[in-house]
Amino acid sequence: LLTSIVTTFYFPFHPTLNYFSKMMVRPAEEESEAEVRREDQDNINKFARLNARLHDVRDERAVIKKSLERLDDAATELMMASGDPVLLLIGESFFDTTEEDATEFCEEEVERMQGQLESLEKEEGEILEKQTGLKKALYARFGKSIQLEDK
């Protein structure tokens with residue numbers, strides 16, 4: 001009792017304590033008595049890796065979409081320019097260039113980013129398809145005693 005009071009008092013944000021305090025208690029009839037086999041553990045690990053990659057892909061897509069919006073804004077500004085020299089930012093350096101060259105650069109970047117966006121969307125679909133198969137297998141084996149959905 002003293003240990004738990006001291007632990008709670010001194011370590012209120014301890015990850016293990018938070019994990020156990022957030023665990024859901026399920027009724028006994030919902031629990032599965034299935035033993036976790038090596039194959040099951042491999043499937044759970046594969047699902048977790050796919051889930052992590054899915055989140056990475058979605059984050060990358062968001063970054064690319066934001067970059068596309070910025071490129072669209074830059075292209076609009078270039079259309080309104082009156083033939084003045086343009087400073088083009090590449091990496092960490094600015095280059096003095098013509099309006100036509102800057103417009104061509106923007107168009108090429110938009111095409112490149114749209115290609116990346118399409119490949120990420122394809123990868124997301126493949127990940128979701130693989131996860132669906134793993135969910136079916138794991139839910140068939142463990143029923144409601146395994147949680148595979150994001151909250």
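Residues numbered from 1 in each chain as written. Predicted model: local features only at pLDDT ≥ 70, side-chain atom pairs only at ≥ 80, totals over all residues. Heavy atoms only, no water.

K.L.:
Could you give me a rundown of the overall build of the protein, with the residues and numbers involved?
P.N.:
If you tally the helices and strands in the protein, you get four helices and two strands. Each helix (α) and strand (β) of the protein, taken in turn from the N terminus, gives the series α-α-α-β-β-α. Each of the 151 residues in the protein was classed as buried or not, and the buried ones make up 21%. Pairs at least 24 residues apart make up 68% of the contacts formed inside the protein by residues separated by at least 6 positions. Surface summary for the protein: the accessible area is close to 11600 Å², and the carbon and sulfur share equals 56%. (Helix = DSSP H or I, 4+ residues; strand = E, 2+ residues; numbered from the N terminus. Buried < 20%, exposed > 50% of the residue type's maximum accessible area, 1.4 Å probe, protein only. Contact = heavy atoms within 4.5 Å. Areas by Shrake-Rupley, 256 points an atom, 1.4 Å probe, with all protein chains shown as cover.)

K.L.:
Break down a nonpolar patch on the surface for me, citing the residues and quoting the values.
P.N.:
A cluster of nonpolar side chains, namely Leu87, Leu89 and Phe94, defines an oily patch on the protein surface of about 350 Å² accessible area. Residue placement: leucine 89 occurs in strand β1 (residues 86–90). (Patch = residues over 30% accessible without salt bridge, like charges linked within 9 Å, V, L, I, M, F, W, Y side chains within 5 Å. Salt bridge = Lys/Arg side-chain N within 4 Å of Asp/Glu carboxyl O.)

K.L.:
Give me the packing of helix α3 (residues 38–80) against helix α4 (residues 99–142): which residues, what numbers.
P.N.:
Running from amino to carboxyl end, α3 crosses α4 at an angle of 160 degrees, the nearest separation of the two axes being 8 Å. In this view, α3 runs roughly antiparallel relative to α4, as classed from their interaxial angle. The two elements α3 and α4 meet at a crossing, and its hand is left-handed. Looking at the contact of α3 with α4, its residues break down into 21 nonpolar, seven polar and 15 charged. (Axes fitted to C-alpha atoms, helices over the stretch in contact; angles between N-to-C directions. Parallel < 35°, antiparallel > 145°, perpendicular 65-115°, else oblique. Left-handed = near helix turned anticlockwise from the far one by under 90°. Nonpolar A, V, L, I, M, F, W, Y, C, P; charged D, E, K, R; others polar.)

K.L.:
Outline a negative patch on the surface, supporting the account with residue identities and numerical values.
P.N.:
A grouping of Glu100, Asp101, Glu104, Glu107, Glu108 and Glu111 is seen on the molecular surface, where their side chains present a negatively charged patch. Of note, glutamate 107 is situated in helix α4. (Lys, Arg positive; Asp, Glu negative; His and termini not counted. Charge placed at Lys NZ, Arg CZ, Asp CG, Glu CD.)

K.L.:
Report on the pairing of strand β2 (residues 93–97), specifying residues and quantitative values.
P.N.:
Residues in a regular strand project their side chains so that they alternate between the two faces of the sheet. For β1 and β2, the ladder comprises five bridges, and the chain directions are antiparallel. In the strand pairing of β2, leucine 88 is matched with phenylalanine 95. (Pairing = 2+ DSSP bridges.)

K.L.:
Explain the environment of threonine 98 to me, and be specific about the residues and the numbers.
P.N.:
Following the sequence through the fold, threonine 98 ends up in the loop between β2 and α4. Here threonine 98 falls in the partly exposed class, since its relative accessible area comes to 38%. Residues threonine 98 and aspartate 84 lie 14 residues apart in sequence; the distance between their C-alpha atoms is 7.4 Å.

K.L.:
Just give me the short version of the pattern of salt bridges, but keep the residues and values in it.
P.N.:
All told, the structure shown has ten salt bridges when counted by the stated rule. Residue arginine 53 is joined to glutamate 60 by a salt bridge in which the shortest nitrogen-to-oxygen separation is 3.1 Å. For arginine 53, a relative accessible area of 28% translates into the label partly exposed. Residues participating in the shared-partner salt-bridge network are Arg58, Arg61, Glu121 and Glu124.

K.L.:
Could you give me a rundown of α4, with the residues and numbers involved?
P.N.:
Compared with the 64 Å implied by 1.5 Å per residue over 44 residues, the 62 Å span of α4 between its first and last C-alpha is a close match. Glycine 143 sits one or two positions beyond α4 and adopts a positive phi of about 65 degrees. (Expected span 1.5 Å × (residues − 1).)

K.L.:
Describe the packing of aromatic side chains, and please don't skip the residues or the numbers.
P.N.:
Inspection of every chain in the model, using the stated rule, returns zero aromatic pairs. Its end group placed over the ring of phenylalanine 142, arginine 141 keeps NZ or CZ at 5.6 Å from the ring centre. (Phe/Tyr/Trp six-rings, centres within 6.5 Å; stacked < 30°, edge-to-face > 60°. Lys NZ or Arg CZ within 6 Å of the ring centre and 35° of its normal.)

K.L.:
Can you tell me about the side chain of threonine 97, naming the residues and giving the values?
P.N.:
Within the element layout of this structure, threonine 97 appears in strand β2. Setting aside residues up to four positions removed in sequence, threonine 97 forms contacts with Pro85, Val86, Leu88 and Ala102.

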